[in-house]
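These are the residues of each chain, in order.
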Amino acid sequence: MLSWLLSLIGTNLLLLILHIQNSSSFPKPLSSKEEKEYLEKKEAGDKNARAVLIERNLRLVSHIVKKYYAKTDCQDDLISIGTIGLIKAVDSFDSTKGIRLATYASRCIENEILMYFRSVKKQSSDVFLSDTIEYDRDGNPLTIEDTLKADTDLAEDLETKTRWSKVKGYIESMDDERAREIIILRYGLNNKKPLTQREVADRLNISRSYVSRIEKKTLSEIRNSIK
């Protein structure tokens, strides 16, 4: 189960991304009855219920990124950004609106990604809904408009603290200072604001592909260190 990890959401995205990238499958979505029960518990302040709601909807992030952005070169960023959208969805969901959480979460995930593309485009030019983000396998353009839908306290349980202690210890002992700096900037460690791969590349005056390569290598090493 992911409960130990999901209790970190809002305070440490690194451990969540480590899990997502290492998962071959996700737990089944909640039934309508289960969703209602967990939503009631979450609204009553049950943190474990909040964690379950996020856990059982994680597949949405992967599905949306793979479906709409399969050919982009920033999928790592989009997974992180989409996960933030999912977290916001669970925290802001209003069950009185008469829609399923998954439907609402999909909108929030897509909108979070849309805002990312807007911020990137804004750095160089104005943004238009007709702007093309990528092309599908048939050569058809995917525009921003196409992605729109209508309408840190680290941990509380011992297992989480133990895992985070191992991750933090590994990062602090890394010999490669550049790799350590990339991970710290990417995931907002040491009270820093998390940055996208593109932002890290600009900050360190290196290529985004280099940031991606180092990040993936380091995350793999961290995973192996905390097994």
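See above for the structure.
Note that the structure is a prediction, hence the values are computed from the model and not measured.

**Student:** How do you make sense of the environment of Glu 199 when you look at a structure like this?
**Tutor:** Tracing the backbone shows Glu 199 in helix 10 (residues 197-204). What makes Glu 199 partly exposed here is its relative accessible area of 35%. Between the C-alpha atoms of Glu 199 and Leu 185, which are 14 residues apart in sequence, the distance is 9.0 Å.

**Student:** Would you mind showing me how to read the packing of aromatic side chains here?
**Tutor:** Under the definition given, this model contains 1 aromatic pair. Their ring planes at 50° and their centres at 5.6 Å tell us that Phe 93 and Tyr 104 sit as a pair that is tilted. With Phe 93 in the loop between helix 6 (75-92) and helix 7 (101-122) and Tyr 104 in helix 7, this residue pair connects regions lying 11 residues apart in the sequence. Residue Tyr 104 is classed as partly exposed on the basis of its relative accessible area of 22%. The lysine or arginine in question, Lys 41, covers the ring of Tyr 38, its NZ or CZ lying 5.4 Å from the ring centre. Cation over ring: Arg 186 sits above Tyr 187, and NZ or CZ is 5.2 Å from the ring centre.

Reading the values: rules and limits
- Residues numbered from 1 in each chain as written.
- Predicted model: local features only at pLDDT ≥ 70, side-chain atom pairs only at ≥ 80, totals over all residues.
- Heavy atoms only, no water.
- Helix = DSSP H or I, 4+ residues; strand = E, 2+ residues; numbered from the N terminus.
- Buried < 20%, exposed > 50% of the residue type's maximum accessible area, 1.4 Å probe, protein only.
- Phe/Tyr/Trp six-rings, centres within 6.5 Å; stacked < 30°, edge-to-face > 60°.
- Lys NZ or Arg CZ within 6 Å of the ring centre and 35° of its normal.

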